[in-house]
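Residues per chain, in single letters:
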Amino acid sequence: MKRLMLTIASIIMALPMLAQYDAYGRTQTTVAGYGEGKTIYYGLRLGMAVSTVNSDDSALDGGTAQTGLNLGVIAGFQLTPSAPVYLESGLFYTEKGGKGYVDKAKFSYNLNYLEVPVIVKYRYSVDDRFSIQPFAGGYFALGVGGKVKNYDARETSSSFSEHFFKRFDGGLKIGCGFEYQMIYADLSYDWGLANICHSDFDSSRTGCFYINCGVNF
């Protein structure tokens with residue numbers, strides 16, 4: 001976690017040196033290799049992740065949703081000067097997981113990931129200051145930590161081990177963003193397509209709803 005925060009801080013400190021501001025205070029720059037007049041932007045995101053796991057294993061399927069942190073940085077650039085279509089990616093620290101019962105014994109599992117989304121976004125400008133930005137794409141994630149807690153036996157184990165979950169996750173992402181000047185917010189949902197379960201017979205897939213806010217520069 002400390003290394004992630006240092007990485008985010010380094011990116012934030014480096015990006016302003018590339019920027020120039022337009023008449024509305026937005027950061028604007030021409031990117032070498034992308035052609036004249038195409039702009040890039042970057043931003044910070046902080047929000048809440050509400051996740052579930054859908055599984056063939058009755059102990060994991062459904063259950064209570066797990067609420068966690070979603071924190072990251074993003075960057076994007078306009079794909080064509082003739083349309084407000086953007087390609088956006090970034091790096092997020094996301095906390096997923098779930099809760100349930102086995103033989104009336106309560107257990108929970110945390111699945112903490114470093115996640116890289118890759119989305120295409122359309123920017124519809126309502127006026128000079130406010131825009132609506134629907135988007136769709138996918139994500140790739142690597143598990144970096146988490147615990148499985150058995151409350152009955154009072155035991156904890158690593159979530160990402162050969163007895164529980166695989167580290168890789170990936171799937172589809174869809175959502176919509178709203179921007180007023182530099183202030184940004186969005187709602188989105190991840191459909192996990194990768195099987196995060198080690199079992200040869202059962203499959204488990206994540207689902208996660210996000211509420212994020214932040215700023216764009």
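Since the model is a prediction, treat every value here as computed from it, not as a measurement.

Asker: Tell me about the nonpolar core, residues and numbers included.
Answerer: What tends to happen in soluble globular proteins is that the nonpolar side chains get buried as a cluster. Listed in full, the twelve residues of the largest apolar core are V53, L60, F107, Y109, L111, Y113, Y139, A141, V148, F160, F165 and I196. Among the secondary structure elements, those contributing two or more residues to this core are β6 (105-122) and β8 (130-145). In terms of residue count, the dominant contributor to this core is β6 (four residues). The contacts of A141, once residues within four sequence positions are left out, are Y113, L114, E115, R167, F168 and D169.

Asker: With reference to specific residues and values, describe a nonpolar patch on the surface.
Answerer: A cluster of nonpolar residues, M48, L187, F209 and I211, forms a patch on the protein surface that exposes about 320 Å² of accessible area. Note on placement: L187 falls in strand β12 (residues 183-192). Judged by relative accessible area, L187 falls into the partly exposed class, the value being 42%.

Asker: Talk me through empty space enclosed by the protein; I want residue IDs and the actual numbers.
Answerer: According to the stated counting rule, one finds two cavities of 30 Å³ or more in the structure shown. There is about 180 Å³ of room inside the largest cavity. Taken together, 17 residues form the lining of the largest cavity, with F92, P117, K173, D186 and N212 sitting closest to its centre. Secondary structure elements with two or more residues in the lining of the largest cavity: β4 (62-80), β5 (83-102), β6, β12 and β13 (204-216). By residue number, the principal contributor to the lining of the largest cavity is β5, which donates four residues. Looking at the lining of the largest cavity residue by residue, the classes come out as seven nonpolar, five polar and five charged.

Asker: Which residues make up the pairing of β12, and what values do they have?
Answerer: Regular strands have side chains that alternate between both faces of the sheet. Only one face of β12 is buried: it carries Y184, D186, S188, D190 and G192, and the other face, with I183, A185, L187, Y189 and W191, is open. Where strand β11 (residues 168-180) and β12 come together, ten bridges link them in antiparallel fashion. Among the inter-strand pairings, G171 is bridged to a residue of β12, identified as G192. The pairing of β12 with β13 spans nine bridges and is antiparallel. Across the sheet, the residue bridging to D186 is N212, located in β13.

Asker: Give me the packing of aromatic side chains: which residues, what numbers.
Answerer: This structure, assessed with the given rule, holds six aromatic pairs. Consider the rings of Y189 and W191, whose centres lie 4.9 Å apart with planes at 70°: the pair is edge-to-face. A relative accessible area of 25% means that Y189 is categorised as partly exposed. Take W191: its relative accessible area is 45%, and that puts it in the partly exposed class. Grouping aromatic residues by their ring pairs yields a cluster made of F107, Y109 and F165.

Asker: Explain the pattern of salt bridges to me, using residue names and the numbers behind them.
Answerer: Counted under the stated rule, the structure contains seven salt bridges. The salt bridge involving D169 is made with K96; its shortest N-O contact spans 3.9 Å. Of the two residues, D169 is situated in strand β11 and K96 in strand β5; the sequence distance between them amounts to 73 residues. Judged on exposure class, the residue D169 and its partner K96 are both buried. Between K173 and D190 there is a salt bridge whose closest N-O contact spans 2.8 Å. Of this pair, K173 sits in strand β11 while D190 is found in strand β12, placing the two residues 17 residues apart along the sequence. Salt bridges here are not isolated pairs; linked through shared partners, they connect K96, E115, D169, K173 and D190.

Asker: An account of the side chain of E179 is requested, with residue identities and associated values reported.
Answerer: Here E179 lies in strand β11. Taking the relative accessible area as the measure of exposure, E179 reaches 2% and is therefore buried. A distance of 3.2 Å separates a polar atom in the side chain of E179 from a polar atom in the side chain of N216.

Scoring rules and cut-offs
Residues numbered from 1 in each chain as written. Predicted model: local features only at pLDDT ≥ 70, side-chain atom pairs only at ≥ 80, totals over all residues. Heavy atoms only, no water. Core = buried A, V, L, I, M, F, W, Y, C linked by side-chain atoms within 4.5 Å. Buried < 20%, exposed > 50% of the residue type's maximum accessible area, 1.4 Å probe, protein only. Helix = DSSP H or I, 4+ residues; strand = E, 2+ residues; numbered from the N terminus. Contact = heavy atoms within 4.5 Å. Patch = residues over 30% accessible without salt bridge, like charges linked within 9 Å, V, L, I, M, F, W, Y side chains within 5 Å. Areas by Shrake-Rupley, 256 points an atom, 1.4 Å probe, with all protein chains shown as cover. Salt bridge = Lys/Arg side-chain N within 4 Å of Asp/Glu carboxyl O. 1 Å grid on protein atoms, 1.4 Å probe; cavity = no way out; pocket = protein on both sides within 12 Å on 5 of 7 lines; lining within 4 Å. Points joined across faces, edges and corners; volume = space filled by probe spheres on them. Nonpolar A, V, L, I, M, F, W, Y, C, P; charged D, E, K, R; others polar. Pairing = 2+ DSSP bridges. Phe/Tyr/Trp six-rings, centres within 6.5 Å; stacked < 30°, edge-to-face > 60°. Polar contact = N/O pair within 3.5 Å; in protein donor to acceptor, adjacent residues only side chain to side chain.

Purely geometric numbers; function is a separate question.
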